[in-house]
Amino acid sequence: MDSGNSSQTTNEYDLDISDEVTELVRLICYVIISPLVSVLGILTNMVNSWIYYKHGLSESVNISFLTLAFTDLAGLVCCIWYGIGMSPLLATRTDLSFDSMDVAYITGAFPRVFFTKVTCWITVYISLERCFCIVAPLHVKTMITPTRTIFILTVLYAAGAIVNFPVLYLGGLFLFWKTDFLHNRTFLGLGYRDDYFSVNSVTTSVNAITFLTSFIVIVVTTIALTVALQRKSKWRQNSSKSTVNDARNLSKRDTTLSKTIVLLSAVLIVSYLPYTTNCVLMSRLDGFQLYGKYNNFFIVMWSFSWMFETLTSTTSLFIYYNMSTKYKETFKHLVPSFCCSVLEVWKRHCQTLFKQL
């Protein structure tokens, strides 16, 4: 009996993180790394938006990529604002009419999480669309139209709002005016109701289920796409001896495309796995929540998750540049030659990596 109590106590201490370490991790992830990476991500997604707009919106895939770029762009702006609000330069000031950390949590963190969810779902939709293009090319034009794509993307945005904001529109978390008698001021800060923890537990369980489902779908579609591309490449190679060289070139392009999609999916899965892990912890570990028993552990885990999500929103340009000849040609007309040279070096490294896979 004593041994069990001792083991339980040890487990509790294993999850105990000091306030100093928590603040250091939060400062590095939220205030330093993520905003700096977000600046680069904003620039890359502005380029992505312009390029896919120039490609035209008559194709559904361009609409999807354009929406994805706008979603990443909005999320990165929220990321920078949240980093500013978390900065000690603002958080320690007592002459402001608001608590920068509390306000940034509501107006920066929640919208950022919303946009990351939508980013993940749009990526899953793009993967499904591409898989369908390879598996059933004769029906893709009639099944996947620009109008239907716009409708689906709108549904994804609506679903993200429903899943992400219940603790706000149900009043679980809110901003209200607080009184600081020590500094003789009134400021806008964060408050929560008693039912916040129960509502938040249900919300995080739904988040975990949706993200795990998204991961499964994108892995399955990526595998199916890869297999279909390999089969079609072999069929083209054997279909006509007179076109062997063309078939080999096409097979090479298909193989590169499939490996790039696998890379795109792998980046997504690795980047969002910490988020899904945190959602599972919030639903399974009692006290793993804001103001909960493991508040510091909660903050540290979400700090790393936040940083990983920021990285994936920044890498899209490099992946598009490597996988799309049309994108690369448009890109060369928009940016200086120096940037193109840097991306060409990166592309050669990627090609070397693909050959080793």
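Residues numbered from 1 in each chain as written. Predicted model: local features only at pLDDT ≥ 70, side-chain atom pairs only at ≥ 80, totals over all residues. Heavy atoms only, no water.

### Looking at the overall build of the protein
A count of helices and strands for the protein gives 14 helices and 2 strands. Out of the 357 residues in the protein, the part that is buried amounts to 47%. Sequence separation of 24 or more characterises 73% of the internal contacts of the protein that already satisfy a separation of 6 or more. Of the roughly 18,700 Å² of accessible surface on the protein, a fraction of 66% belongs to carbon and sulfur atoms. (Helix = DSSP H or I, 4+ residues; strand = E, 2+ residues; numbered from the N terminus. Buried < 20%, exposed > 50% of the residue type's maximum accessible area, 1.4 Å probe, protein only. Contact = heavy atoms within 4.5 Å. Areas by Shrake-Rupley, 256 points an atom, 1.4 Å probe, with all protein chains shown as cover.)

### Topic: helix 11 (residues 295-312)
Under the 1.5 Å per step criterion, the end-to-end length of helix 11 is 26 Å for 18 residues, consistent within 8% with the ideal 26 Å. By the criterion of burial, helix 11 is predominantly enclosed, with 13 of the 18 residues buried. (Expected span 1.5 Å × (residues − 1).)

### Details of the UniProt feature "transmembrane region" (unreviewed entry) in the protein
Following the UniProt record, one finds the feature "transmembrane region" (unreviewed entry) at residues 24-43, 63-84, 104-128, 149-177, 208-229, 257-277 and 297-321. Its end C-alpha atoms 32 Å apart, residues 63-84 is made of 100% helix and 0% strand. Between the first and last C-alpha atoms of residues 297-321 the distance is 38 Å; the span itself is 88% helix and 0% strand. (UniProt positions renumbered as here; feature names shortened; annotations may be inferred.)

### Some thoughts on the side chain of Ser-34
Within the element layout of this structure, Ser-34 appears in helix 2 (residues 19-54). The exposure class assigned to Ser-34 is buried, which follows from its relative accessible area of 1%. A distance of 2.6 Å separates a polar atom in the side chain of Ser-34 from the backbone oxygen of Cys-29. With residues near it in sequence (within four places) discarded, Ser-34 still touches Cys-29, Cys-79, Trp-306, Met-307 and Thr-310. (Polar contact = N/O pair within 3.5 Å; in protein donor to acceptor, adjacent residues only side chain to side chain.)

### Digging into a nonpolar patch on the surface
On the surface, a cluster of nonpolar side chains totalling about 490 Å² of accessible area is made up of Leu-24, Leu-27, Ile-28, Ile-32, Ile-33 and Leu-36. If you trace the backbone, Ile-28 turns up in helix 2. In this structure Ile-28 comes out as partly exposed when scored by relative accessible area, which is 35%. (Patch = residues over 30% accessible without salt bridge, like charges linked within 9 Å, V, L, I, M, F, W, Y side chains within 5 Å. Salt bridge = Lys/Arg side-chain N within 4 Å of Asp/Glu carboxyl O.)

### A look at the environment of Leu-264
With respect to the helices and strands, the residue Leu-264 is situated in helix 10 (residues 244-284). Linking Leu-264 and Thr-222, residues 42 residues apart in sequence, is a C-alpha distance of 9.6 Å.

### Some remarks on the side chain of Thr-22
Tracing the backbone through its elements, the reader meets Thr-22 in helix 2. We classify Thr-22 as buried; its relative accessible area is 1%.

### Some details on the nonpolar core
Counting residues in each nonpolar core, the largest one holds 69 residues, and the members touching the most others are Tyr-82, Tyr-105, Trp-302, Tyr-327 and Phe-331. Top contributing element to this core by residue count: helix 5 (residues 100-135), with 15 residues. (Core = buried A, V, L, I, M, F, W, Y, C linked by side-chain atoms within 4.5 Å.)

### Comments concerning the pattern of salt bridges
Pairing between side chains of opposite charge can happen when the charged atoms of each approach one another. Counted under the stated rule, the structure contains 2 salt bridges. Across the pair Glu-23 and Arg-26 runs a salt bridge, and its minimum N-O distance is 2.2 Å. Of the two residues, Glu-23 and Arg-26 both sit in helix 2, 3 residues apart, roughly one turn of that helix. A relative accessible area of 41% places Glu-23 in the partly exposed class. Since its relative accessible area comes to 13%, Arg-26 is described here as buried. Residue Asp-102 pairs with Lys-178 through a salt bridge whose shortest N-O separation is 3.8 Å. With a gap of 76 residues between them, Asp-102 in helix 5 and Lys-178 in strand 1 (residues 173-180) connect regions that are remote in the sequence.

### A word on the environment of Tyr-125
Tracing the chain through its elements places Tyr-125 in helix 5. Sequence separation between Tyr-125 and Val-61 is 64 residues, and the spatial gap between their C-alpha atoms is 9.9 Å. Discounting chain neighbours no more than four positions away, the residues touching Tyr-125 are Ser-64, Ile-144, Thr-149, Ile-152, Leu-153 and Leu-156.

### Here we look at the packing of aromatic side chains
Inspection of the entire model under this criterion finds 13 aromatic pairs. With centroids separated by 5.7 Å and ring planes inclined at 65°, the aromatic side chains of Phe-114 and Tyr-157 adopt a geometry described as edge-to-face. Of this pair, Phe-114 sits in helix 5 while Tyr-157 is found in helix 7 (residues 146-164), placing the two residues 43 residues apart along the sequence. You can call Phe-114 buried: its relative accessible area is 9%. A ring pair is formed by Phe-288 and Phe-298, whose centres lie 5.4 Å apart and whose planes are at 65°; its orientation type is edge-to-face. (Phe/Tyr/Trp six-rings, centres within 6.5 Å; stacked < 30°, edge-to-face > 60°.)

### Quick notes on helix 13 (residues 325-334)
Owing to its 3.6 residues per turn, the α-helix brings residues three or four apart onto one side. Residues Tyr-327, Lys-328, Thr-330 and Phe-331 constitute the buried set of helix 13. Burial along helix 13 is one-sided: seen end-on, the buried residues are contained in an arc of 165°. Residues of helix 13 that are exposed and angled more than 90 degrees away from the buried face: Thr-325 and His-333. (Arc of directions from axis to C-beta.)

### Notes on the packing of helix 2 against helix 11
For any two helices packed against each other, one specifies the inter-axial angle together with the distance between the axes. One can describe the packing of helix 2 onto helix 11 by two numbers: an axis separation of 9 Å at closest approach and a directional angle of 15°. In terms of their interaxial angle, helix 2 and helix 11 are classed as roughly parallel. Viewed along their axes, helix 2 and helix 11 form a crossing whose handedness is left-handed. Only Asn-296, Ile-299, Val-300, Trp-302, Ser-303, Phe-304, Trp-306, Met-307, Thr-310 and Leu-311 of helix 11 make contact with helix 2, whose side of the interface consists of Asp-19, Thr-22, Val-25, Arg-26, Cys-29, Tyr-30, Ile-33, Ser-34, Val-37 and Ser-38. Residue composition of the contact of helix 2 with helix 11, by class: 12 nonpolar, 6 polar and 2 charged. (Axes fitted to C-alpha atoms, helices over the stretch in contact; angles between N-to-C directions. Parallel < 35°, antiparallel > 145°, perpendicular 65-115°, else oblique. Left-handed = near helix turned anticlockwise from the far one by under 90°. Nonpolar A, V, L, I, M, F, W, Y, C, P; charged D, E, K, R; others polar.)

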